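# A closer look at the structure
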Amino acid sequence: AYAKGFTSLPDGRYVYYGSNYGMVFGNTTIGGLPYSLNAINGNLVTGEVLFGGVGWMYMNPSTHTYASGLTKLPDGRLVLYGGTKQTMQFGYATYGGRPFSTNTVNGVVTTGEVFFPGVGWTYLNPTTLQHGLSITSLPDGRTVLYGSNYGMQFGEKNTGGKWYYFDLVNGNMKLGFF
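What comes next is a walk through the structure. Please read these numbers as outputs of a predicted model, since none were measured by experiment.

### Structural notes on empty space enclosed by the protein
- Under the defined criterion, the tally for this structure stands at 1 cavity of 30 Å³ or more.
- Reported here for the largest cavity is a volume of approximately 50 Å³.
- Classifying every residue of the lining of the largest cavity by side-chain character gives 6 nonpolar, 5 polar and no charged.

Set out below in structure tokens:
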């Protein structure tokens, strides 16, 4: 029987055989997604690949699948892949309903406090990569409240059945009577 589709070969190559059962070479579209197949031996190109008109994508060398969401690349960069083609995101992006800010040159995700248009100040924990949600202690000592949109809340707020007041400028929780 002839191979068709993606196939692992005994020599370790991962190649694609088209509808005519011939091996495909170079850049091609399969199932609506772009793929880069070595022009000499047909092996699937893995790692970061720039597709003209599409953008940067990351093909995982172990699973042969495109990265999606927050991804730590082998060079240590933390980037975000999203959109319809799972391309690297630059600038402001929303993924899974969560706001992210990324470097506009290399796509590195910004952690810590970031101002996100339409949301306000958000916080992405650099260790856990979780957004601040509800009452959160920040590294600078402030205790702030993030709402369901991940934006910092200001003024008088009721959360968990209790009333709190958060500074109108920096969002820090005020304690006692004022």
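So that's the structure; there's more coming.
### Things to note about the nonpolar core
- Counting residues in each nonpolar core, the largest one holds 12 residues, listed as Tyr14, Tyr16, Val24, Ile30, Tyr35, Leu37, Leu44, Val49, Phe51, Met57, Met59 and Tyr66.
- Those elements giving two or more residues to this core turn out to be β2 (14–17), β4 (33–37), β5 (47–51) and β6 (55–59).
- Once residues within four sequence positions are removed from consideration, Tyr35 is found in contact with Phe6, Gly26, Asn27, Thr28, Ile30, Leu44, Phe51, Met59 and Tyr66.
- The next biggest cluster of nonpolar side chains, apart from the first, holds 7 residues, and it includes Leu78, Leu80, Phe100 and Val109.

### Things to note about the side chain of Thr122
- With respect to the helices and strands, Thr122 occurs in strand β13 (residues 120–124).
- Discounting chain neighbours no more than four positions away, the residues touching Thr122 are Pro99, Gly112, Glu113, Val114, Phe116, Tyr146, Tyr150 and Gly151.

### Side note on the environment of Ser137
- Tracing the backbone shows Ser137 in strand β14 (residues 134–137).
- C-alpha of Ser137 to C-alpha of Arg98: the two residues are 39 residues apart in sequence and 19 Å apart in space.

### A look at the sheet that holds strand β9 (residues 87–88)
- Across the sheet, which stays open at both edges, the 3 strands sit in the order β7-β8-β9 with antiparallel pairing between neighbours. Only two strands of the sheet have a single partner each, and these edge strands are β7 (69–72) and β9.

### Comments concerning the pairing of strand β16 (residues 155–159)
- The pairing of β16 with strand β17 (residues 162–166) spans 5 bridges and is antiparallel. Bridge pairing links Asn158 to Trp163 in β17.
- Connecting the antiparallel pair β16 and β17 is a turn made up of 2 residues, with Gly160 showing a positive phi of about 60°.

Parameters at a glance
Residues numbered from 1 in each chain as written. Predicted model: local features only at pLDDT ≥ 70, side-chain atom pairs only at ≥ 80, totals over all residues. Heavy atoms only, no water. 1 Å grid on protein atoms, 1.4 Å probe; cavity = no way out; pocket = protein on both sides within 12 Å on 5 of 7 lines; lining within 4 Å. Points joined across faces, edges and corners; volume = space filled by probe spheres on them. Nonpolar A, V, L, I, M, F, W, Y, C, P; charged D, E, K, R; others polar. Core = buried A, V, L, I, M, F, W, Y, C linked by side-chain atoms within 4.5 Å. Buried < 20%, exposed > 50% of the residue type's maximum accessible area, 1.4 Å probe, protein only. Helix = DSSP H or I, 4+ residues; strand = E, 2+ residues; numbered from the N terminus. Contact = heavy atoms within 4.5 Å. Pairing = 2+ DSSP bridges.

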